[in-house]
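An overview of the molecular structure
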Amino acid sequence: MEEVIRLEKVGMQFNLSKEKVDSLKEYAIKLVKRELRFQEFWALKDISFAAEKGDRIGVLGLNGAGKSTLMKVVAGVFRPTEGTVMKKGVIAPLIELGAGFDMQYTGAENIYLNGAVLGYSRAYMRERYDSIVEFSELADFIDVPLKNYSSGMRARLGFSIATMIQPDILILDEVLSVGDAKFKKKSEKRLLDMMDTGVTVLFVSHNLDQVKRVCNKAMILDHGRMIDFGDMERVTARYKEMTA
Amino acid sequence: MSVVAQFKQEIRKYGNLFRELVVKGIRLKYRRSYLGVVWSMIEPLLTMIVLTIVFGTLLNHKEREFPVYILCGRLVYSLFSQSTTAALKSIRQNESMIKKVYVPKFLYPLSSVCFNYVLFLISLVVLFAVSLVLGVYPTLRIFLALLPLFVLFVMSVGVGMLLATVGVFFRDMEYLWNVFLMLIMYTCAIFYYPEKILASNVSWILKYNPLFCVISNFRSCIFGEAMDPGFLLYSACFAGLSLLIGALLFAKNENRFILYL
């Protein structure tokens, strides 16, 4: 099988300054008083794993375990402090739906803008425009500025765009919990359809049942370290024990 | 993959996004206004009229073409101030995008400068109209105006990148730059003739102001006079240097931006 994602000894360090210094005056004062202390914090440490094409990996862990940070590292939003990230193909990050939406732009304009953010041409988006609008069920509001959308509507639009293009890697960070029950059902079906086409999925969820339904592999993160990775059944069972 | 090939691939992939960002800037600037993009022509016209009345009377400049003189300086200055300010704010403004999806970050300051530059080119129409009305007819030298205009663009990008980088780490930069822009405005000879100052012992405040050099040369081209080669060389060097420093500083720090947003 072909590897599409490989992380090797990835670590991500943040400087947690006690207070955020972001004015020149503060900086100068702190510099003189030697109070510019940073608390080093490793949000991820020593993460190594590989995903093959078509793998659907559930990422489990408590709040603050580093799940979102890991997703952002894979998506390329964060550059890891150490280690290497290799990935092949187009990534559709559904980390927060509608990344890069402009609130003043209308829904229609945002479809093209969002497509461009993900690296697609206008022509490519035009071909898919109708099916995106249809799937989002927002045809009546598509010429309304996004600031007048409800958060559920924004999420629906974001989800429709990200899943209508054909990414090679799909990153889902708790996005299935948005929308009403009907849309939730519809979006889950859509994802399952996509998975049949061989897309690789990283799936963050607190819902163990959902992970069991969707994934074939799973990993557990704890305080920035990967403590288990492998077959879904085994790992989810261990996670259940851990959190029990 | 080599660095060059990777760079080429990024340009191809994100060229479309760059265009979208430029178009977005232009569209949103005048969204929901009745006159739309016409504002970028009315606005300089109105300030020109006020400046002509005030400073024409105050300094006793009764020449017929004085408004053209003012307009040249004003247009160039306002492009510089608006595009650098937009670039300075661009990273914070696109914070939500930067935090969620990977995009080459230099696109933000670059597109900010570009969309302002497009609006500036549109507003040049006013300059030509006013020139013709007041009897300043273009000569062949007008084509040479492309040189200072190019220098102006490079300078705005360079300074914009520099400010964008600093602006991420220090919010004060916005206010500081506003004050600085005002100083630049007064030392650009927009609404007065520079001769007296250039002949005095404080001539350096104009001569070493690269934006004054650009304005002065641009004006010469519009009035059909010869450019000052010293000014051109100095401003071109300044622009090149600012682009080099701006781009290097930006590239060196862009991966840390996200930690400060």
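An account of the accompanying structure is given in this report. All figures in this text were calculated on a predicted structure; none of them were measured in a lab.

1. Description of the overall build of chain A
When helices and strands are counted, chain A shows 8 helices and 9 strands. The buried share of chain A, taken over its 244 residues, is 52%. Long-range pairs, those at least 24 residues apart, make up 71% of the contacts in chain A between residues at least 6 apart in sequence.

2. Description of the pairing of strand E9 (residues 225–231) of chain A
All names here are of chain A. Where strand E8 (residues 217–222) lies against E9, 6 bridges are found, and the strand directions are antiparallel. Directly across from methionine 219, in E9, lies its bridge partner phenylalanine 229. In this structure, the hairpin formed by E8 and E9 is closed by a connection of 2 residues, where histidine 223 is found at a positive phi of approximately 50 degrees.

3. Details of the sheet that holds E8 of chain A
Residues and elements named next belong to chain A. An order of E5-E6-E7-E3-E8-E9 is seen for the 6 strands of this open sheet, with the pairing classed as mixed. Taken across any chain shown, the strands that pair with only one partner, and hence form the sheet edges, are strand E5 (91–94) and E9. Strand-to-strand twist across the sheet, computed as the mean angle between neighbouring axes with direction ignored, equals 15 degrees. The pairing of strand E6 (residues 169–173) with strand E7 (residues 200–204) spans 5 bridges and is classified as parallel. In the sheet register, leucine 172 faces E7, and the bridge partner there is phenylalanine 203. Each of strand E3 (56–60), E5, E6, E7 and E8 is contacted by helix H2 (residues 67–75), which is oriented at about 155 degrees to E6, the strand it contacts most.

4. Considering helix H6 (residues 181–196) of chain A
Residue and element names in this part refer to chain A. Between its first and last C-alpha, H6 extends 23 Å over 16 residues, near the 22 Å set by a 1.5 Å rise per residue. What H6 keeps buried is the set Phe183, Ser187, Glu188, Leu191, Met194 and Met195. Projected down its long axis, H6 carries its buried residues within an arc of 135 degrees, all on one side. Seen from the open side of H6, the exposed residues pointing more than 90 degrees away from its buried face are Ala181, Lys182, Lys185, Lys189 and Asp196. Contacts from the buried residues of H6 go to E3, helix H4 (122–136), helix H5 (151–164), E6, E7 and helix H7 (208–214).

5. Some thoughts on the pattern of salt bridges
Residues and elements named next belong to chain A. Taken as a whole, this structure holds 19 salt bridges over all chains when the rule is applied. Of the charged contacts, one joins glutamate 8 and arginine 6 as a salt bridge, the two residues approaching to 3.5 Å between their closest N and O atoms. The class of arginine 6 is partly exposed, set by a relative accessible area of 30%. Shared partners join several salt bridges into a network, and the residues in it are Glu3, Arg6 and Glu8.

6. Observations regarding the packing of H5 of chain A against H6 of chain A
Angle between the axes and distance between the axes: these two values describe a pair of packed helices. Residue and element names in this part refer to chain A. At a minimum axis distance of 11 Å, the contact between H5 and H6 shows a crossing angle of 15 degrees. The orientation of H5 with respect to H6, classified from their angle, is roughly parallel. Regarding H5 and H6, the two cross each other, and that crossing is left-handed. Judged by residue contacts, Arg156, Phe159, Ser160, Thr163 and Met164 of H5 engage Phe183, Ser187, Arg190, Leu191 and Met194 from H6.

7. Notes on the interface of chain B and chain A
With 29 residues of chain B at the interface, the matching set in chain A holds 34 residues. Both sides of the chain B and chain A interface together cover about 2900 Å² of buried area, and 56% of this is carbon and sulfur. The largest contributions to the chain B side of the interface with chain A come from Glu20, Lys100 and Phe170 of chain B, which together make up 21% of the buried area. Joining chain B to chain A, the criterion identifies 4 salt bridges. On the surface where chain B and chain A come into contact, there are 8 residue pairs in polar contact (both at pLDDT 80 or more).

8. Examining the packing of helix H2 (residues 39–58) of chain B against helix H5 (residues 107–133) of chain B
Residues and elements named next belong to chain B. H5 packs onto H2 with a crossing angle of 50 degrees between their chain directions and a minimal axis gap of 8 Å. In terms of orientation, H2 and H5 fall into the oblique class. The element H2 and its partner H5 pack so that their crossing is right-handed. In this structure, H2 contributes Ser40, Met41, Pro44, Leu45 and Met48 to the contact, and H5 contributes Leu119, Ile122, Ser123, Val125, Val126 and Val130. Within the contact of H2 with H5, the residues separate by chemical class into 9 nonpolar, 2 polar and no charged.

9. Observations concerning unusual backbone geometry
A negative phi angle is the norm for most residues apart from glycine, just as the trans form is the norm for most peptide bonds. All names here are of chain A. Although it is not a glycine, lysine 9 sits at a positive phi angle of roughly 45 degrees. You can see lysine 9 is positioned in strand E1 (residues 3–17). Overall, the relative accessible area of 53% leaves lysine 9 in the exposed class.

10. Some details on helix H10 (residues 210–222) of chain B
Residue and element names in this part refer to chain B. Taking 1.5 Å per residue as the helical rise, H10 with its 13 residues ought to reach 18 Å, and the 19 Å between its terminal C-alpha atoms agrees with that figure. For H10, the tally of buried residues reaches 13 of 13 residues, placing the bulk of the element in the interior. With a side-chain oxygen lying 2.9 Å from the backbone nitrogen of leucine 211, the N-terminal cap of H10 falls on asparagine 209. Taken from the residues just after H10, glycine 224 is the one with a positive phi, measuring 75 degrees.

11. Some remarks on the environment of glutamate 233 of chain A
Residues and elements named next belong to chain A. Looking at the secondary structure, you find glutamate 233 in helix H8 (residues 232–243). For glutamate 233, a relative accessible area of 51% gives the class exposed. Distance in space between the C-alpha atoms of glutamate 233 and valine 211 is 9.9 Å, their sequence separation being 22 residues.

The rules behind these values
Each chain has its residues counted from 1, following the order in which its sequence is written. Chain labels run from A onward and ligand labels from 1 onward, assigned in the order the entries are written. Local features are withheld for residues below a pLDDT of 70 in this predicted model, meaning they are given only at 70 or higher, and side-chain atom pairs are given and counted only at 80 or more; totals for whole chains, interfaces and linings count all residues. Here the side-chain values reflect all heavy atoms present in the structure, with hydrogen atoms and water set aside. Here a helix means four or more residues in a row that DSSP labels H or I, a strand means two or more in a row labelled E, and each is numbered from the N terminus. In this scheme, a residue with accessible area under 20% of its type's maximum is buried, one over 50% is exposed, and one in between is partly exposed, where area comes from a 1.4 Å probe on protein chains only. Here, residues are in contact when the closest pair of their heavy atoms is within 4.5 Å. Two strands qualify as a pair provided DSSP detects at least 2 bridges between them. An axis is simply a line fitted to the C-alpha atoms; with a helix, the fit covers only the stretch in contact. Between two such axes, the angle follows the N-to-C directions and lies from 0 to 180 degrees. In a helix, the anticipated span is given by 1.5 Å times the number of residues less one. To be clear, the arc concerns the directions from the helix axis to the C-beta atoms. The salt bridge criterion pairs a side-chain nitrogen of Lys or Arg with a carboxyl oxygen of Asp or Glu, the two atoms within 4 Å. Roughly parallel means an angle under 35 degrees; roughly antiparallel, over 145; roughly perpendicular, 65 to 115; everything else is oblique. Two helices that cross are described as forming a left-handed crossing if the nearer one is turned anticlockwise from the farther one by less than a right angle, and a right-handed crossing if clockwise. Note on definitions: buried area is the accessible-area loss of two parts on being combined, 1.4 Å probe, summed for both. Any pair of N or O atoms that falls within 3.5 Å is considered a polar contact. Within protein, one atom must be able to donate a hydrogen and the other to accept it, and sequence-neighbouring residues count only if both atoms are side-chain atoms. Polarity classes work like this: nonpolar for Ala, Val, Leu, Ile, Met, Phe, Trp, Tyr, Cys and Pro, charged for Asp, Glu, Lys and Arg, and polar for all others, with Gly in that last group.

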